[in-house]
Amino acid sequence: MVKNLNLRIKRILPFIIKNDSEDVIGGISGKIFGNWMDVDYLVVHESLRRNGLGRDLLKKAEELAIRSNCKNIFLYTFDFQGKDFYPKFGFKEVYVKRQYPLTGTEHFFVKKLSNEIDKEAGEILEETE
């Protein structure tokens, strides 16, 4: 028998970064479902990469995931995009889809979150394996 878990998909409104002219220069979007945050898109204007904007967007999403009691964040990217970017922030590659769609690869990443808070420092503790 399947229990009604009463789970709802919670769409996270995109976190958007704009420049002084109000042009969108970056953003992140996704959804929360149960214990998981799924990141659909992380985009930073090509001319502004390597300035910490992607890191800041990931941090905002992670903070929301922790406040929402998520235990994991999931995302995927292609070989020509951010496959080397995400491991710098604690994401572990869990699967590679090869020859996708024809000759490339698609990389799937998960970051396990710790929702325990150090009472003294007020910081999130790193999960140990």
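Please refer to the structure placed before this passage.
All residue numbers refer to positions counted from 1 along the written sequence of the respective chain. Thresholds applied to this predicted model are a pLDDT of at least 70 for local features of residues and 80 or more for the giving and counting of side-chain atom pairs; totals over whole chains, interfaces and linings are not thresholded and use all residues. Working from all heavy atoms in the structure, the side-chain values ignore hydrogens and water.

Undergrad: Looking at this structure, I do not really get the pairing of strand 3 (residues 36-44). What am I missing?
TA: In regular strands, side chains alternate between the two faces of the sheet. Strand pairing requires that DSSP identify at least two bridges connecting the strands. Strands are runs of DSSP state E lasting at least 2 residues, helices are runs of H or I lasting at least 4, and numbering of each runs from the N terminus. Alignment of strand 2 (residues 24-33) against strand 3, held across 8 bridges, turns out to be antiparallel. Bridge pairing links Ser29 to Tyr41 in strand 3. Bridge count between strand 3 and strand 4 (residues 72-78): 3 bridges; the pairing is parallel. Bridging across to strand 4, Asp38 finds its partner in Phe74. Crossovers are marked right-handed if the path from the first strand over the helix to the second runs clockwise, as seen with the strands pointing away from the viewer. One crossover worth recording links strand 3 to the parallel strand 4 by way of helix 1 (residues 53-67), and it is right-handed.

Undergrad: Would you take a moment to explain the pattern of salt bridges for this structure?
TA: Opposite charge on two side chains allows them to pair when their charged atoms are near. Salt bridges are counted wherever a side-chain nitrogen of Lys or Arg sits within 4 Å of a carboxyl oxygen of Asp or Glu. Within the structure shown, the criterion is met by 6 salt bridges. The partner of Asp56 in a salt bridge is Arg55, with the nearest N and O atoms 3.2 Å apart. Residue classification places Asp56 among the partly exposed residues on the basis of a relative accessible area of 34%. Given a relative accessible area of 44%, Arg55 falls into the partly exposed group. Where Glu106 meets Lys97, a salt bridge forms, and the shortest distance between an N and an O atom there is 3.2 Å. The buried label applies to any residue whose accessible area, calculated with a 1.4 Å probe on protein chains only, is under 20% of its type's maximum; exposed applies above 50%, and partly exposed to all values in between. Here Glu106 falls in the buried class, since its relative accessible area comes to 5%.

Undergrad: Can you help me understand unusual backbone geometry in this one?
TA: Following Tyr100, the chain continues to Pro101 via a peptide bond in cis, the omega torsion being -5 degrees. Within the secondary structure, Pro101 sits in the loop between strand 5 (92-98) and strand 6 (105-112). Of note in this structure, Arg50 is not a glycine but carries a positive phi near 70 degrees. Tracing the sequence through the fold places Arg50 in the loop between strand 3 and helix 1. Take Arg50: its relative accessible area is 81%, and that puts it in the exposed class. Its identity is not glycine, yet Gln99 carries a phi of approximately 50 degrees, on the positive side. The residue Gln99 is located in the loop between strand 5 and strand 6 in this model.

Undergrad: Is there a simple way to think about the nonpolar core in this case?
TA: Where a protein is soluble and globular, its nonpolar side chains tend to be buried together. What we call a nonpolar core is a set of buried Ala, Val, Leu, Ile, Met, Phe, Trp, Tyr and Cys residues that are connected through their side-chain atoms within 4.5 Å. Met37, Ile73, Leu75 and Phe91 are the most contacted members of the largest nonpolar core, which totals 21 residues. Only strand 2, strand 3, helix 1 and strand 4 provide two or more residues apiece to this core. The element that contributes the greatest number of residues to this core is helix 1, accounting for 7 residues.

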